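Below, each chain spelled out in residue letters.
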Amino acid sequence: MHGLFRWRGKWWPGVVPLAVLWILAAWSSTAPVEADLTARAAAALKDAVLDKTRIAVDGRDVTVAADAFSEDGRRGAVASVQAVSGVRLVNDDTRLVPEAKPFVWSAERDVVRVTLGGSAPLPAVKGKLADTARAALAGVEVADQMNLARGAPPGFEPAALLLIDQIGKLKEGKIAISDGGVTLSGMARELGGREAIAAALKNLPAGFSVTANDVKAPPYVFQAYKDPVALTLTLSGNVPDNNVHATIAQAASRKFFSEKVVDNLKPSIGAPSGFAAAVMPALGALSRLSTGTLVVSDREVKLSGDALYDAAAAQIRAGLGKDFPQNFQFKPDISVKPASAPVDPTVCQQLFSDLLGKAKVRFESARATIDPDSAGLLDRLVEIALRCPTSNIEVGGHTDTDGEDGANQALSEKRAQAVVDYLVKAGLPASRFTAVGYGSTQPVATNDTDEGKAQNRRIEFLVR
């Protein structure tokens with residue numbers, strides 16, 4: 001009996017390996033089942049609209065955890081798993097994502113990136129909005145800070161996609177949806193961008209409307225630069241349309257007789273009222289400068305550079321702004337070019353002849369009123385006259401043969417006197433100048449052609 005008792009006390013070491021074998025057998029028999037149920041449950045949820053889906057299987061019991069976007073979607077997902085063959089019990093750990101009230105979404109652009117914020121109704125819509133923004137804004141960083149939420153108004157997706165197209169037209173700013181209201185603010189990237197955005201907003205889906213649109217247009221800029229070294233006048237920036245473009249280009253060719261006009265202007269909408277009426281006299285003032293820059297930005301006109309003599313600088317500073325339409329501001333920064341060295345009468349005569357060989361003093365038809373386009377030429381004539389201060393100068397007026405001889409004689413005298421008056425107003429002594437009219441008695445070309453007549457209508461300077 002004593003031996004038997006000792007044997008009975010040592011039976012338990014054999015139980016341990018039996019238990020291990022039983023556990024291994026149980027595990028090896030349930031692991032494939034659980035893996036199979038996990039795969040089939042995931043397949044059953046393939047078309048379900050869920051987020052953060054997690055499936056756990058214990059034997060034949062399945063636990064489903066996920067964020068659902070509607071009560072029907074949540075119940076449908078659980079039912080789909082319950083219908084999977086072999087599932088005994090479904091533990092429902094799904095929940096509805098929060099509802100946003102109001103439902104807000106935004107796209108904001110700064111210098112370096114576009115940030116998508118607020119809420120999106122579904123993961124697929126969230127991804128689509130981000131992908132669309134990256135495609136539309138190639139090269140611009142897109143930061144996706146959208147959350148998922150319920151409560152989006154009908155038509156949200158097409159509305160948001162349309163607004164993403166508009167964010168590309170902004171240099172900086174923000175576009176937002178709050179339920180069915182759309183707000184916009186910022187600065188358009190280009191002229192016409194504000195108008196293009198406004199036109200696109202007319203295509204918002206039903207139920208959406210613009211509650212605030214504070215998108216500003218960039219400044220409407222026109223520039224002209226006179227380079228005395230390269231002998232060029234460079235026009236750049238914007239003009240309202242092709243007609244104004246042609247008018248400005250033609251005026252520049254008349255006013256800047258010795259410079260080549262480089263025309264880089266482009267038609268753009270958004271010009272302020274009175275644009276052309278401000279640019280034309282401003283170009284005339286620029287033509288009176290030795291070198292200078294004209295910048296018209298919206299209703300602000302800045303003119304800087306060197307006038308050819310003191311009186312011209314004073315006239316431009318004091319008088320140009322009076323020629324502008326109402327609400328335009330003139331900001332002159334006019335200095336005076338250093339005086340050139342004096343020359344003898346022979347050189348002075350040559351300078352006058354060379355200059356008047358390039359351009360002519362123009363007058364209104366059949367009148368002695370000097371055309372404003374000739375202001376730049378007249379200032380150059382004043383500059384030459386200042387270089388020969390001891391010389392007396394005859395200013396001769398000539399006409400073609402059209403009309404009566406007496407009328408032509410009188411007209412030529414008046415035109416010559418108008419030029420002398422300009423020189424005296426510039427500060428030159430009246431005693432140095434004599435106005436003489438020759439009528440049509442000294443032609444330099446035939447009067448049988450329009451071209452010849454145009455050559456005969458002229459002002460000449462003769463140094464005595």
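Residues numbered from 1 in each chain as written. Predicted model: local features only at pLDDT ≥ 70, side-chain atom pairs only at ≥ 80, totals over all residues. Heavy atoms only, no water.

Here we look at the packing of helix 7 (residues 242–255) against helix 8 (residues 275–287)
Phase 1 of the analysis: Here helix 7 crosses helix 8 at 15°, and the two axes come no closer than 10 Å. The pairing of helix 7 with helix 8 is recorded here as roughly parallel in orientation. With respect to the hand of their crossing, helix 7 and helix 8 are arranged in right-handed fashion. Packed against helix 7, whose contacting residues are Val 244, Thr 247, Ile 248, Ala 251 and Lys 255, the element helix 8 presents Phe 275, Ala 276, Val 279, Met 280, Leu 283, Gly 284 and Ser 287 at the interface.
Phase 2 of the analysis: Among the residues forming the contact of helix 7 with helix 8, the class breakdown is eight nonpolar, three polar and one charged. (Axes fitted to C-alpha atoms, helices over the stretch in contact; angles between N-to-C directions. Helix = DSSP H or I, 4+ residues; strand = E, 2+ residues; numbered from the N terminus. Parallel < 35°, antiparallel > 145°, perpendicular 65-115°, else oblique. Left-handed = near helix turned anticlockwise from the far one by under 90°. Contact = heavy atoms within 4.5 Å. Nonpolar A, V, L, I, M, F, W, Y, C, P; charged D, E, K, R; others polar.)

Regarding the sheet that holds strand 20 (residues 458–463)
Phase 1 of the analysis: Spatially, the three strands line up as an open sheet ordered 19-18-20, and their pairing is mixed. Among the strands making up the open sheet, the edge pair consists of strand 19 (433–437) and strand 20. With strand direction ignored, the average angle separating the axes of adjacent strands in the sheet is 20°.
Phase 2 of the analysis: Sheet topology places strand 18 (residues 393–398) next to strand 20; six bridges connect them, and they run antiparallel. (Pairing = 2+ DSSP bridges.)

Comments concerning the side chain of Asn 447
Phase 1 of the analysis: You can see Asn 447 is positioned in the loop between strand 19 and helix 13 (450–456).
Phase 2 of the analysis: Judged by its relative accessible area of 15%, Asn 447 is buried.
Phase 3 of the analysis: Among the polar contacts made by the side chain of Asn 447, one reaches the main-chain amide nitrogen of Thr 401 at a distance of 3.4 Å.
Phase 4 of the analysis: A distance of 3.0 Å separates polar atoms of two side chains, one belonging to Asn 447 and the other to Asn 456.
Phase 5 of the analysis: What Asn 447 contacts, discounting residues up to four positions off in sequence, is Asp 400, Thr 401, Lys 453 and Asn 456. (Buried < 20%, exposed > 50% of the residue type's maximum accessible area, 1.4 Å probe, protein only. Polar contact = N/O pair within 3.5 Å; in protein donor to acceptor, adjacent residues only side chain to side chain.)

Description of the pairing of strand 1 (residues 50–58)
Phase 1 of the analysis: In this sheet, strand 2 (residues 61–68) lies alongside strand 1 in antiparallel orientation, the contact comprising seven bridges. Within the sheet, the bridge partner assigned to Val 57 lies in strand 2 and is Val 62.
Phase 2 of the analysis: Hairpin connection from strand 1 to strand 2: two residues lie between these consecutive antiparallel strands, with Gly 59 at a positive phi of about 65°.

Topic: helix 12 (residues 405–425)
Phase 1 of the analysis: Here helix 12 spans 30 Å end to end across 21 residues, near enough to the 30 Å set by a 1.5 Å rise per residue.
Phase 2 of the analysis: Within helix 12, the full set of buried residues consists of Asn 408, Leu 411, Ser 412, Arg 415, Ala 416, Ala 418, Val 419, Val 420, Tyr 422 and Leu 423.
Phase 3 of the analysis: Against helix 11 (375–387), strand 18, strand 19 and strand 20 lie the buried residues of helix 12.
Phase 4 of the analysis: Of the residues trailing helix 12, Gly 427 is marked for its positive phi of about 110°. (Expected span 1.5 Å × (residues − 1).)

Some words on the packing of aromatic side chains
Phase 1 of the analysis: Per the counting criterion, the structure on display carries six aromatic pairs.
Phase 2 of the analysis: Judged by centre distance (4.7 Å) and plane angle (40°), the ring pair of Phe 352 and Phe 461 falls under tilted. Residue Phe 352 is located in helix 10 (residues 345–358), and its partner Phe 461 is located in strand 20; the two are separated by 109 residues in the primary sequence.
Phase 3 of the analysis: Clustering of aromatic rings is evident, with ring pairs tying together Phe 103, Trp 105 and Phe 156. (Phe/Tyr/Trp six-rings, centres within 6.5 Å; stacked < 30°, edge-to-face > 60°.)

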